[in-house]
Amino acid sequence: MSRPTFRFAPSPNGRLHLGHAYSALLNARIAGRLGGRLLLRIEDIDPGRCRPEFVDGILADLDWLGLTFEASVRRQSEHLSDYAAARDRLAADGLTYPCFCSRGQIGADIAAREARGEGRARDPDGAPLYPGTCRGLSPEERRARIARGEPHTWRLDMEAALRTRTDPPVIRRFSPDDGAQETVAADPARWGDAVIARRDVPASYHLSVVWDDAVQGITHVVRGQDLEAATDLHALLQSLLDLPAPAYHHHALIRTESGEKLAKSKGSEALADLRARGATAGEVRAMLGF
Ligand code: GLU
């Protein structure tokens with residue numbers, strides 16, 4: 001059997017906070033326990049939000065925490081053509097469609113549906129499900145609008161995708177204590193027609209993450225519970241693209257004293273700030289139980 005392979009996969013759209021440190025340290029601890037190796041991946045496909053200085057900051061923070069990673073760092077922005085090929089394969093299989101809706105239009109369509117008492121369904125992140133506006137466009141209209149250069153995302157046609165599966169997708173979970181595994185059923189339908197490729201980039205998080213976990217030979221994914229529901233969609237994409245699926249452990253999130261989730265967007269204190277205020281890496285590790 002190949003060596004268990006773990007990864008820490010931060011997005012350089014801000015500075016790392018305690019939640020990231022916990023996730024990275026937990027990956028390292030479980031990898032050590034199961035005799036595995038740990039890789040680093042920089043998830044920088046979002047050109048609007050990712051910045052090189054955040055990458056430098058991430059590398060400095062991880063080094064400060066005493067974490068080391070094997071092999072070279074994979075940067076997603078260097079592999080966009082791979083994601084485009086995966087996107088095109090799903091399109092060739094008739095499992096995706098181009099969606100020309102703007103955010104505003106989706107919002108208006110959803111409001112109209114809700115006013116009629118239809119379409120109140122939400123995805124696991126709480127966002128209303130896409131109402132399917134572009135699903136029924138004719139092949140001619142799609143071709144013409146793409147030829148005109150109309151911006152579009154690509155959405156998975158969830159019903160069509162599920163129809164191609166004889167067995168529903170499953171997720172393997174593993175115990176962080178001894179690696180013991182169990183299999184549970186995935187429920188990707190709750191994501192509706194999810195975006196698998198953005199307007200500006202030939203992938204979304206969901207597509208690039210399953211592709212890279214496969215390419216990097218990841219056998220064990222350790223990440224926060226905020227991504228647990230997304231694993232249902234990942235299981236389906238892995239199955240549609242014939243990609244190997246890792247086993248998963250979703251850890252509890254580190255919260256503020258008032259119970260709120262830490263987030264870059266909320267300005268949660270960055271590791272770099274703790275460091276600047278004189279905290280040592282040992283203190284941060286101890287605070288997080290390492
Ligand atoms: N890049 C994601 C983040 O920073 C994590 C993705 C993953 O672990 O699957 O939240």
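Keep in mind it's a predicted model, so treat the numbers as computed, not measured.

Criteria and thresholds
- Residues numbered from 1 in each chain as written.
- Predicted model: local features only at pLDDT ≥ 70, side-chain atom pairs only at ≥ 80, totals over all residues.
- Heavy atoms only, no water.
- Buried < 20%, exposed > 50% of the residue type's maximum accessible area, 1.4 Å probe, protein only.
- Helix = DSSP H or I, 4+ residues; strand = E, 2+ residues; numbered from the N terminus.
- Polar contact = N/O pair within 3.5 Å; in protein donor to acceptor, adjacent residues only side chain to side chain.
- Contact = heavy atoms within 4.5 Å.
- Near = heavy atom within 4 Å.
- Areas by Shrake-Rupley, 256 points an atom, 1.4 Å probe, with all protein chains shown as cover.
- Nonpolar A, V, L, I, M, F, W, Y, C, P; charged D, E, K, R; others polar.
- Salt bridge = Lys/Arg side-chain N within 4 Å of Asp/Glu carboxyl O.
- Axes fitted to C-alpha atoms, helices over the stretch in contact; angles between N-to-C directions.
- Parallel < 35°, antiparallel > 145°, perpendicular 65-115°, else oblique.
- Left-handed = near helix turned anticlockwise from the far one by under 90°.

**Considerations on helix α8 (residues 230–240)**
Thinking step 1. Among the 11 residues in α8, 10 count as buried, and that is most of the element.
Thinking step 2. Looking at α8, one finds that the buried residues are Ala230, Thr231, Asp232, Leu233, His234, Ala235, Leu236, Leu237, Gln238 and Leu240.

**Notes on the side chain of histidine 220**
Thinking step 1. Within the secondary structure, histidine 220 sits in strand β9 (residues 220–224).
Thinking step 2. Using a relative accessible area of 8% as the deciding quantity, one classes histidine 220 as buried.
Thinking step 3. Polar contacts involving the side chain of histidine 220 include one to the side chain of threonine 219, which spans 2.7 Å.
Thinking step 4. Once you skip the residues sitting within four places of it in the chain, histidine 220 turns out to touch Pro4, Thr5, Phe6, Arg7, Leu34, Phe174, Gln181, Pro246 and Ala247.

**Points about the side chain of histidine 234**
Thinking step 1. Here histidine 234 is to be found in helix α8.
Thinking step 2. Within the structure, the side chain of histidine 234 is placed 3.0 Å from the side chain of histidine 206, a separation counted as a polar contact.
Thinking step 3. Residue contacts for histidine 234: discarding those within four places in its chain leaves Tyr205, His206, Val209, Val210, Arg223 and Tyr248.

**Quick look at the site of the ligand**
Thinking step 1. The environment of the ligand is made up of Arg7, Ala9, Pro10, Ser11, Glu43, Tyr205, Val209, Arg223 and Leu227.
Thinking step 2. The side chain of glutamate 43 places a nitrogen or oxygen atom 2.6 Å from a nitrogen atom of the ligand.
Thinking step 3. In isolation the ligand offers 300 Å² of accessible surface; the protein chains occlude 79% of this area.
Thinking step 4. In terms of residue class, the shell around the ligand is made up of 5 nonpolar, 1 polar and 3 charged.

**Structural notes on the pattern of salt bridges**
Thinking step 1. As enumerated under the stated definition, the model contains 26 salt bridges in all.
Thinking step 2. For arginine 41, the salt bridge is made with glutamate 43, and the minimal N-O distance between the two is 3.0 Å.
Thinking step 3. According to the relative accessible area criterion, arginine 41 is buried, its value standing at 0%.
Thinking step 4. Each member of the salt-bridge network shares a partner with another, and the members are Arg7, Arg41, Glu43, Arg74, Asp82, Asp212 and Asp213.

**Overview of the packing of helix α7 (residues 205–215) against α8**
Thinking step 1. Look at α7 against α8: their axes get within 10 Å of each other, and the N-to-C directions meet at 60°. By the angle class used here, α7 and α8 are oblique. The way α7 lies across α8 gives a crossing that is right-handed. For the pair α7 and α8, the contacting residues are Tyr205, His206, Leu207, Val209 and Val210 in the first and Ala230, Leu233, His234, Leu237 and Gln238 in the second.
Thinking step 2. Among the residues forming the contact of α7 with α8, the class breakdown is 7 nonpolar, 3 polar and no charged.

**Focus: the environment of methionine 158**
Thinking step 1. Within the fold, methionine 158 resides in helix α6 (residues 158–163).
Thinking step 2. For methionine 158, a relative accessible area of 4% puts it in the buried group.
Thinking step 3. When the C-alpha positions of methionine 158 and leucine 233 are compared, they lie 9.7 Å apart, and in sequence the two are 75 residues distant.
Thinking step 4. Setting aside residues up to four positions removed in sequence, methionine 158 forms contacts with Pro188, Ala189, Gly192, Asp193, Leu233 and Leu236.

**Some words on the packing of helix α3 (residues 80–92) against α7**
Thinking step 1. Contact pair α3 / α7: the axes reach a minimum separation of 10 Å and the direction vectors enclose 110°. As far as their axial angle goes, α7 and α3 are roughly perpendicular. On the side of α3, the interface is formed by Asp82, Tyr83, Ala86, Arg87 and Leu90, while α7 contributes Leu207, Ser208, Trp211 and Asp212.
Thinking step 2. Its residues placed into classes, the contact of α3 with α7 shows 5 nonpolar, 1 polar and 3 charged.

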